[in-house]
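Structural overview for review
The lines below spell out each chain.
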Amino acid sequence: MKIKFALFILALFVVSCTSTKPVVRTTTKPKVTTKSKPVTQTKKTTKPVVTTSSTKSETTESKSKTDSEVSLVATSNVKTYAEEIQIYVDNFKEIAQNNMRAHGIPASITLAQGILESGAGKGKLALSANNHFGIKCHTGWKGESVKHDDDAAQECFRKYEHPSESYRDHSLFLTSRPRYSNLFKLDKGDYESWAKGLKSAGYATDVKYPDKLIGLIERFELYKYDNEVLSRDFKPSKKEMILAQGGDYYTIQQGDTLYSLSKRFNLSVDHLKKLNNMSDNTISIGQQIKIK
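The rules we used
Position numbers for residues start from 1 in each chain and track the written sequence from start to end. In keeping with the model being predicted, local features are shown solely for residues with a pLDDT of at least 70 and side-chain atom pairs are shown and tallied solely at 80 or more, while totals for entire chains, interfaces and linings include all residues. Values reported for side chains reflect all heavy atoms of the structure, with hydrogen atoms and water molecules removed beforehand. Pairs were defined over the aromatic rings of Phe, Tyr and Trp, the Trp ring being its six-membered one, requiring ring centres within 6.5 Å. Orientation was assigned from the angle between planes: stacked under 30 degrees, edge-to-face over 60, tilted for the rest. Helix numbers and strand numbers start at the N terminus; a helix is a DSSP run of H or I with at least 4 residues, a strand a run of E with at least 2. Each residue is placed in one exposure class: buried if its accessible area under a 1.4 Å probe, protein chains only, is under 20% of its type's maximum, exposed if it is over 50%, and partly exposed if it falls in between. For this document, the term salt bridge refers to a Lys or Arg side-chain nitrogen within 4 Å of an Asp or Glu carboxyl oxygen. Values of pLDDT, the confidence the predictor places in each residue, fall between 0 and 100. We call two residues in contact whenever any of their non-hydrogen atoms come within 4.5 Å of each other. The definition used for a disulfide is geometric: two cysteine sulfur atoms within 2.5 Å. A pair of strands is labelled paired if DSSP reports no fewer than 2 bridges between them. We call a set of buried Ala, Val, Leu, Ile, Met, Phe, Trp, Tyr and Cys residues a nonpolar core when their side-chain atoms join them within 4.5 Å.

The next point concerns the packing of aromatic side chains. Across all of its chains, the model carries eleven aromatic pairs by this definition. Aromatic pair Trp-141 and Tyr-160: ring centres 5.9 Å apart, planes at 65°, arrangement edge-to-face. Residue Trp-141 is located in the loop between helix H5 (124–129) and strand S1 (145–148), and its partner Tyr-160 is located in the loop between strand S2 (155–158) and helix H6 (163–176); the two are separated by 19 residues in the primary sequence. Residues Tyr-191 and Phe-234 carry aromatic rings whose centres are separated by 6.3 Å and whose planes lie at 65° to one another, so their mutual orientation is edge-to-face. Pair noted here: Tyr-191 is in helix H7 (residues 191–200) and Phe-234 is in the loop between helix H9 (223–230) and helix H10 (244–247), with a separation of 43 residues, a long-range link. Judged by its relative accessible area of 2%, Tyr-191 is buried.

This is the structure we're talking about:
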């Protein structure tokens, strides 16, 4: 019995030894695998740093777009369209009429000058300084101002809080300057004489300035706002060929182009431009051009 009991004890000891070895192996394997996996994961998480470079490129693209928009605003030659001009007229017609009642300047003239000088409100001075008439600082101006290249570099121009102040200052400017005094002897509804009188008094150096004002007034029927103030129903007569100087001049009508006129008078477009010292094909209603 003792021998059997000793053999039984020995067998139990052998079994217990062989069962402990797998336990050691299974515990060590998970430790090795768990350590290696987090290391590879942490390395992968560092790669999104590339996204910061992409955000920089987006920022530079947005800056370049902003700069291009600013350069467009800063362009001196502002092109306007009929719809934009009509919106401008609707916005400022009452202000022009009130100034006509207070100061005697035809609303049609004020509106046409505002359109021409400010590019229908799209010009740099109009946008940055609410200055719709290109009025410079001159002596005695105590308000705000901006610098703008005009006849000379970085000249001083008046700045206003609102465009209505620019309209009022335009009226005061004309009424307070002796050289414009003859204008106020004219009929308040005679926009043609006013347009020519402004040029003669030195308001603008452009030889076509009167024709441009008259063209705007007649194309957009700005004389109607003079009629409302003066309580009358004036309508300009349709202008045809001017017979002065043996029919050498023609007054531009609505729908005319240099091409259509070249066909009408049997002249080339280039010859018409040369006769009138024109650098481009731009013409205005009411403008008088040489045809011989």
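Next up on the list: the pattern of salt bridges. This structure, assessed with the given rule, holds six salt bridges. In this structure, Lys-122 engages Glu-84 in a salt bridge whose closest nitrogen and oxygen atoms are separated by 3.3 Å. Taken together, the positions of Lys-122 in the loop between helix H4 (107–118) and H5 and Glu-84 in helix H3 (residues 82–103) put the pair 38 residues apart, joining distant regions of the chain. Exposure remark for Lys-122: the relative accessible area of 30% places this residue in the partly exposed category. Taking the shortest distance from any N to any O, the salt bridge between Lys-224 and Glu-221 comes out at 2.7 Å. The class for Lys-224 is partly exposed, based on a relative accessible area of 40%.

We now examine H9. What sets the pattern is the α-helix's 3.6 residues per turn: residues three or four places apart point alike. Those residues of H9 that fall on the buried side of the exposure criterion are Tyr-223, Tyr-225, Asp-226 and Asn-227. Of the residues one or two after H9, Ser-231 is the one with positive phi, at around 55°.

Attention shifts here to the confidence of the model for the chain. Summarising the model, the chain shows a mean pLDDT of 75, and 69% of its residues fall at 70 or more. The weakest mean pLDDT in the chain belongs to helix H2 (residues 50–73) at 29; the strongest belongs to H9 at 96. Low pLDDT (under 50) marks residues 18–76, which in the prediction has three contacts with non-local residues, meaning those over four places away or in another chain. Per-residue pLDDT stays below 50 along residues 240–246; that stretch engages in 14 contacts with residues further than four places along the chain or on separate chains.

Moving on: the state of the cysteines. Evaluation of the coordinates by the stated rule reveals one disulfide. Across a sulfur-sulfur distance of 1.9 Å, Cys-137 and Cys-156 are joined as a disulfide pair. Because the torsion about its S-S bond is -65°, the bridge between Cys-137 and Cys-156 counts as left-handed. One end of the pair, Cys-137, is in the loop between H5 and S1; the other, Cys-156, is in strand S2, with 19 residues separating them in the sequence. Classification of Cys-156 by relative accessible area gives partly exposed; the value is 25%.

What you see with S1 is a clean split: Val-146 and His-148 sit on the buried side and Ser-145 and Lys-147 on the side with no burial. In this structure, S1 lies alongside S2, joined through four bridges in antiparallel fashion. When the bridges of S2 are listed, Val-146 appears paired with Phe-157.

Our focus in this paragraph is the nonpolar core. Counting residues in hydrophobic clusters, the biggest one holds 37 residues, and the most contacted among them are Ile-109, Leu-111, Tyr-180, Leu-198, Tyr-203 and Leu-222. Elements that contribute at least two residues to this core include exactly H3, H4, H6, H7, helix H8 (209–219) and H9. For this core, the element with the most residues is H3, which contributes six residues. Non-local contacts of Tyr-180, meaning those with residues more than four positions away in its chain, are made with Phe-173, Leu-174, Leu-198, Ala-201, Gly-202 and Tyr-203. Listed in part, the eleven residues of the second largest apolar core include Ile-252, Leu-258, Leu-261 and Ile-289.

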